[in-house]
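This is what each chain is made of:
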Amino acid sequence: QVQLVESGGGLVQPGGSLRLSCAASGSIFSINAMGWYRQAPGKQRELVAAVTSGGSTNYADSMKGRFTISRDNAKNTVYLQMNSLKPEDTAVYYCNAWVTTTGRAQLHLWGQGTQVTVPS
């Protein structure tokens, strides 16, 4: 069994910063892409950023220059550094990962979500 556990959300004032973490644990053989999505109230879930096992990154246009995704392959952990936060960044942030288990099963996993609130 493999799970993703997120941490680091919270309340931050506009212009502030937060760092989210997501650690994968369990019967992991390898992890391909890892990423972050977010879902604001009444809106669809949207991509924030993603990173491959080789370190290639992809960002949603509205996050470029403010958010930075990174990963530590040795710790099976992905991070999202969020700077210059705005009220419109308020959402539940979800980690996801494409995992190959030790049994060679291919899984697409989601974390439980962590709330980020930036008051207006």
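Above this note sits the structure.
Residues numbered from 1 in each chain as written. Predicted model: local features only at pLDDT ≥ 70, side-chain atom pairs only at ≥ 80, totals over all residues. Heavy atoms only, no water.

A. Region of interest: the environment of N76. Within the secondary structure, N76 sits in the loop between β7 (67–72) and β8 (77–82). Taking relative accessible area as the criterion, N76 reaches 23% and is therefore assigned partly exposed. (Helix = DSSP H or I, 4+ residues; strand = E, 2+ residues; numbered from the N terminus. Buried < 20%, exposed > 50% of the residue type's maximum accessible area, 1.4 Å probe, protein only.)

B. Here's a closer look at the sheet that holds β7. Taken in spatial order, the 4 strands line up as β1-β3-β8-β7 in an open sheet, and their pairing is antiparallel. Every other strand in the sheet has two partners, leaving β1 (2–7) and β7 as the edge strands with one partner each. For this sheet, the mean inter-axis angle between neighbouring strands, taken without regard to orientation, is 15 degrees. Where β1 and strand β3 (residues 18–26) come together, 6 bridges link them in antiparallel fashion. Residue pairing for β3: Q3 is matched across the bridge by S25. (Pairing = 2+ DSSP bridges. Axes fitted to C-alpha atoms, helices over the stretch in contact; angles between N-to-C directions.)

C. Layout of the packing of aromatic side chains. If you walk through the whole model with that rule in mind, you get 1 aromatic pair. Measuring from ring centre to ring centre gives 5.1 Å for Y37 and W110, while their planes differ by 65 degrees; the resulting arrangement is edge-to-face. Here the residue Y37 occupies a position in strand β4 (residues 28–39), and W110 occupies one in strand β10 (residues 106–110), the gap between them amounting to 73 residues. Note that R19 overlies the ring of Y79, its terminal NZ or CZ placed 4.0 Å from the centroid. In this structure, R45 is placed above the aromatic ring of W110, and the distance from its NZ or CZ to the ring centre is 4.7 Å. (Phe/Tyr/Trp six-rings, centres within 6.5 Å; stacked < 30°, edge-to-face > 60°. Lys NZ or Arg CZ within 6 Å of the ring centre and 35° of its normal.)

D. Fine view of the nonpolar core. Counting 32 residues, the largest nonpolar core has W36, L80, M82 and Y93 as the members making the most contacts within it. Looking at which element gives the most residues to this core, the answer is strand β9 (residues 91–101), with 5 residues. For L80, the contacting residues outside a window of four places in its chain are L18, R19, L20, W36, V48, A49, F67, T68, I69 and Y93. (Core = buried A, V, L, I, M, F, W, Y, C linked by side-chain atoms within 4.5 Å. Contact = heavy atoms within 4.5 Å.)

E. A look at the environment of H108. Examined against the element boundaries, H108 turns out to sit in strand β10. With a relative accessible area of 34%, H108 lands in the partly exposed category. Here the alpha-carbon distance between H108 and W98, two residues 10 residues apart in the chain, equals 4.7 Å. Looking at H108, its side chain comes within polar contact range of the side chain of N96, at 2.9 Å. (Polar contact = N/O pair within 3.5 Å; in protein donor to acceptor, adjacent residues only side chain to side chain.)

F. Representation of the state of the cysteines within the structure. One pass over the structure, following the stated rule, counts 1 disulfide. What pairs with C22 in a disulfide is C95, and their sulfur atoms sit 2.0 Å apart. In this structure the cystine formed by C22 and C95 twists about its S-S bond by roughly -75 degrees; its chirality is therefore left-handed. Residue C22 is found in strand β3, and its partner C95 is found in strand β9; the two are separated by 73 residues along the sequence. The same class applies to C22 as to C95, namely buried. (Disulfide = S-S within 2.5 Å.)

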